[in-house]
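Chain by chain, the residues run as shown.
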Amino acid sequence: MQRFINDPDDIVDETVAGFVKAHRDLVRKDPENPRVVVSRFAPQEGKVGIVTGGGSGHEPAFVGYVGQNMVDAVAIGELFSSPTAKSFADAIRAADGGAGVAVLYGNYAGDNMNVRMAGEMVAPEGIDVATVVANDDVCSAPVDEREKRRGVAGEIFMWKIGGAKAALGGSLAEVKNAAQTAIDACRSVGVGLGPCTLPALGHPNFQIEAGTMEVGIGHHGEPGARVEPLKSADAVADDMVKIVLDDHNLPEGTEVAVLVSGLGATPVNELYVLYDRIEVGLEKAGLQVHRAFVGNYFTSLEMVGATLTVMALTNELKSLLDVSCASPGMTLPGDITAPIGKIGTRRRQGQAAQRSNLSVLRAPEAVRSEKLDLTTASGIVEELAAVIVANKTHLSDIDGLIGDGDHGINMAKGFGRAADQIAGKNLPLSDAFEKLSDVLMSEIGGSMGPLYGFVFRNMSLSIEDRTAIDADGISAMLNAGLQGARSTGGAKIGDKTLIDCFVPAVEAFEASKNQGIVPALSAMSAAAEKGRDSTVDMVAKLGRAARLGERSRGVLDAGATSCCLILNELAAAISRRLTSA
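Residues numbered from 1 in each chain as written. Predicted model: local features only at pLDDT ≥ 70, side-chain atom pairs only at ≥ 80, totals over all residues. Heavy atoms only, no water.

J.: Is there a simple way to explain the overall build of the protein chain in this structure?
T.: For the protein chain, the helix and strand inventory stands at 17 helices and 17 strands. The globule rule puts the C-alpha radius of gyration for 581 residues at 25 Å, and the 24 Å found for the protein chain is close to it. C-alpha extents for the protein chain along the principal axes are approximately 80 × 55 × 45 Å. Out of the 581 residues in the protein chain, the part that is buried amounts to 59%. For the protein chain, the proportion of contacts with a sequence separation of at least 24, taken over those separated by at least 6, is 75%. (Helix = DSSP H or I, 4+ residues; strand = E, 2+ residues; numbered from the N terminus. Rg over C-alpha atoms; globule rule 2.2 N^0.38 Å. Buried < 20%, exposed > 50% of the residue type's maximum accessible area, 1.4 Å probe, protein only. Contact = heavy atoms within 4.5 Å.)

Structure follows, in structure tokens:
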């Protein structure tokens, strides 16, 4: 790689630092959370707050749309990973002016989990939260399953419309309705000519062979829905228009707004070449272009490619689109709408994240002679972290084949940070699991942050105040962890997730525990590996890989692979520490 990088692990924080300095006239960093950026015009008393959030690497999205009459606060995630629930919650608090907050975000598993958790975190503080989930990407699911589609550049129109409605004094319900109407009126498609590289990974997630292009590309370095021979710019533009309009089915005379965005490495002049032909195609279809936006609005690091978004305009959408705004990513001239009320600072301070509200299965105290002493067993978490860190590249390589390639990077960062904080302290295992859970949920984000966060949170609760556990206690602890994964992600066996590894592993331990802890742990490891390997032949049904359909077959699931590593090392770590009275 030839990049302007110091430490890849610091790139997001350094990006935010530079961004806030460069745009200090429009934005400020939240004083309590460095992963939240707030508009200098927020919060406003009596005005609905607008919040969004997403992974970094898409600049100017998401942070670039914070400003006046646009987004009030943004939660910032790692590269291509959802922000944490804590960051979403802090962004909601920062945007709240007393009239409620609309969270407008993209349809990704991690974002859905973390926004839901954030809403639960701020509910006791009296903040009303409404959500709108963008699902404008035509190629990511068929029209009759539109709720499964991912959000891409149509989110920009959703933010623009929602922000304008809020600026004009709309209620929370009215802002939500306007933003929902906007995204419902959007259709998008992306075409990729060259892949991108996550700095911490050091190589592309996948390859686009010379002379080919990926149609239906995602914004996270995901492969497209299909591979086609590379065509001329006019032919690509014609295909993009056809894909969008075939799904849109707009009557002649409809006015539209059009957005053509580069993916990070496409020269802007080529985007104008595409747009020239796109407008011709839209006019041939009897549509009238009211406004066009061409440039780098929603990128994917240095991917070569472009996206097309078409939003059908009603009279209200047209008037809201034309409302002036000022943000680093989009500025429309005109008289900036006067504030509704006084511009202030955060009205409420955040409350500490609550421990799991689930009824967690408690491990009984050890009654058998063979047992695990829990009082100084925190080294188990350090050993788990060592295995995850050692396999960082392997996990990211697997994830990159059908996902965004960040799984190993984020897992290693989370486990590594937790291990550093407990190194050499000889804490109770419940405390170590709790620390690991807190780091995963408050600092890592994505979908794996909350998933593994609740796994280890439940395992901590299961063995809290216990001094030792035997085979029955280990079984209870494992089942509590599985309960956390199931309740958080909602996956089932066969969905191609970590559940395909976790469930048979726990069942194998349960079935063998009366033979002794070591045989039961051996059975668990064997079942975990078999479950992991079973995901190769599965078609993904959840997460980003699900949008690839059959193209997700033939690859191990990254979550199942990391789960197998964790369970195998947990088995080995427990075996090394067993005692007999």
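J.: Explain the pairing of strand β2 (residues 36-39) to me, please; I cannot follow it from the model alone.
T.: Every other side chain in a regular strand lies on the same face of the sheet, so the side chains alternate between the two faces. Side chains Val36 and Val38 of β2 all project onto a buried face; the interleaved residues Val37 and Ser39 project onto the opposite face, where all are buried too. Bridge analysis of strand β1 (residues 27-29) against β2 gives 3 bridges, and the strand direction is antiparallel. Following the sheet pairing, arginine 28 is matched in β2 by valine 38. With antiparallel pairing between neighbouring strands as the criterion, β1 and β2 make up a hairpin whose turn holds 6 residues. Pairing between β2 and strand β4 (residues 73-79): 3 bridges, direction antiparallel. In the sheet register, valine 38 faces β4, and the bridge partner there is alanine 73. (Pairing = 2+ DSSP bridges.)

J.: Please explain the pattern of salt bridges as it appears in this structure.
T.: One side chain can pair with another of opposite charge once the charged atoms of both are near each other. Overall, the coordinates contain 32 salt bridges when judged by the stated rule. A salt bridge links aspartate 90 to arginine 93; the nearest nitrogen and oxygen atoms lie 2.7 Å apart. Remark: arginine 93 and aspartate 90 occur in helix α2 (residues 85-95); sequence separation between them is 3 residues, near one turn of the helix. Both residues of the pair, aspartate 90 and arginine 93, belong to the buried class. (Salt bridge = Lys/Arg side-chain N within 4 Å of Asp/Glu carboxyl O.)

J.: Just checking my understanding: could you explain empty space enclosed by the protein for this structure?
T.: It is a probe the size of a water molecule, rolled over the atoms, that shows where empty space is left. Using the criterion set out here, one finds 5 cavities of 30 Å³ or more in the structure. Considering the residues around the largest cavity, the lining is formed by Pro8, Asp9, Ile11, Val12, Glu78, Leu79, Leu198, Ala200, Asp406, Ile409, Asn410 and Lys413. Residue assignment for the lining of the largest cavity shows that the elements contributing at least two residues are α1 (11-22), β4 and α11 (407-422). Ranked by residues supplied to the lining of the largest cavity, first place goes to α11 with 3 residues. In terms of residue class, the lining of the largest cavity is built from 7 nonpolar, 1 polar and 4 charged. Counted as a void, the second largest cavity has a volume near 80 Å³. Lining the second largest cavity we find Thr15, Val16, Phe19, Gly54, Gly55, Ser56, Glu59, Ala61, Phe62, Val63 and Ile76. Of all the secondary-structure elements, those providing two or more residues to the lining of the second largest cavity are α1 and β3 (49-56). Considered class by class, the residues forming the lining of the second largest cavity number 6 nonpolar, 4 polar and 1 charged. (1 Å grid on protein atoms, 1.4 Å probe; cavity = no way out; pocket = protein on both sides within 12 Å on 5 of 7 lines; lining within 4 Å. Points joined across faces, edges and corners; volume = space filled by probe spheres on them. Nonpolar A, V, L, I, M, F, W, Y, C, P; charged D, E, K, R; others polar.)

J.: Could you clarify how one ought to interpret unusual backbone geometry in this entry?
T.: If a residue is not glycine, its phi is most likely negative; likewise, a peptide bond is most likely trans. Note that the residue after glutamate 59, namely proline 60, is joined by a cis bond; omega there is 15°. The residue proline 60 is located in the loop between β3 and β4 in this model. Along the chain, alanine 61 connects to phenylalanine 62 via a cis peptide bond; the corresponding omega equals 0°. Inspection of the secondary structure assignment puts phenylalanine 62 in the loop between β3 and β4. Even without being a glycine, asparagine 69 presents a positive backbone phi close to 65°. Turning to its location among the elements, asparagine 69 is positioned in the loop between β3 and β4. In this structure, phenylalanine 80 takes a positive phi of about 65° despite not being glycine.

J.: Teacher, can you tell me more about the side chain of asparagine 107 here?
T.: Considering the arrangement of structural elements, one finds asparagine 107 in the loop between β5 (101-106) and α3 (109-122). Side-chain polar atoms of asparagine 107 contact the backbone oxygen of arginine 149, separated by 2.8 Å. If we ignore the near neighbours within four places in the chain, the residues touching asparagine 107 are Asn112, Val133, Ala134, Glu147, Lys148, Arg149, Arg150, Gly151 and Arg547. (Polar contact = N/O pair within 3.5 Å; in protein donor to acceptor, adjacent residues only side chain to side chain.)

J.: Even after reading the chapter, I still don't get the sheet that holds β1, so can you show me in this structure?
T.: The pairing of strands in a sheet happens through backbone hydrogen bonds and is either parallel or antiparallel. The 6 strands lie next to each other as β1-β2-β4-β3-β5-β6, forming an open sheet whose pairing is mixed. The open sheet has two edge strands with one neighbour each: β1 and β6 (129-134). If you compare each strand with its neighbour and ignore which way they point, the axes differ by 25° on average. (Axes fitted to C-alpha atoms, helices over the stretch in contact; angles between N-to-C directions.)

J.: Explain the environment of asparagine 479 to me, please; I cannot follow it from the model alone.
T.: Secondary-structure assignment places asparagine 479 in helix α14 (residues 471-489). Leave out the neighbours within four places in its chain, and asparagine 479 touches Leu361, Val506 and Glu510.

J.: Just to check I follow, could you spell out the side chain of threonine 497 for this structure?
T.: By the element assignment, threonine 497 lies in the loop between α14 and α15 (499-512). Not counting chain neighbours up to four residues away, the residues in contact with threonine 497 comprise Ala491, Thr535, Leu542, Asp557 and Ala560.

J.: Teacher, can you tell me more about α15 here?
T.: Helical geometry note: an α-helix holds 3.6 residues per turn, so side chains three or four residues apart project in the same direction. When the terminal C-alpha atoms of α15 are compared, their 20 Å separation across 14 residues agrees well with the 20 Å that a helix rising 1.5 Å per residue should span. The element α15 is extensively covered by neighbouring structure, given that 10 of its 14 residues are classed as buried. Taken residue by residue, α15 has Ile499, Asp500, Cys501, Phe502, Val503, Ala505, Val506, Ala508, Phe509 and Ser512 as its buried positions. On its buried face, α15 is in contact with α13 (448-463), α14, α16 (517-534) and α17 (558-577). (Expected span 1.5 Å × (residues − 1).)

J.: Where do I start with the sheet that holds strand β7 (residues 186-194) in this structure?
T.: Taken in spatial order, the 6 strands make up an open sheet running β9-β8-β7-β12-β10-β11, and their pairing is mixed. The open sheet is flanked by β9 (226-229) and β11 (288-295), the only strands paired with a single partner. Direction aside, neighbouring strands of the sheet carry axes that sit 20° apart on average. As paired strands, β7 and strand β12 (residues 304-312) are joined by 8 bridges and run antiparallel to one another.

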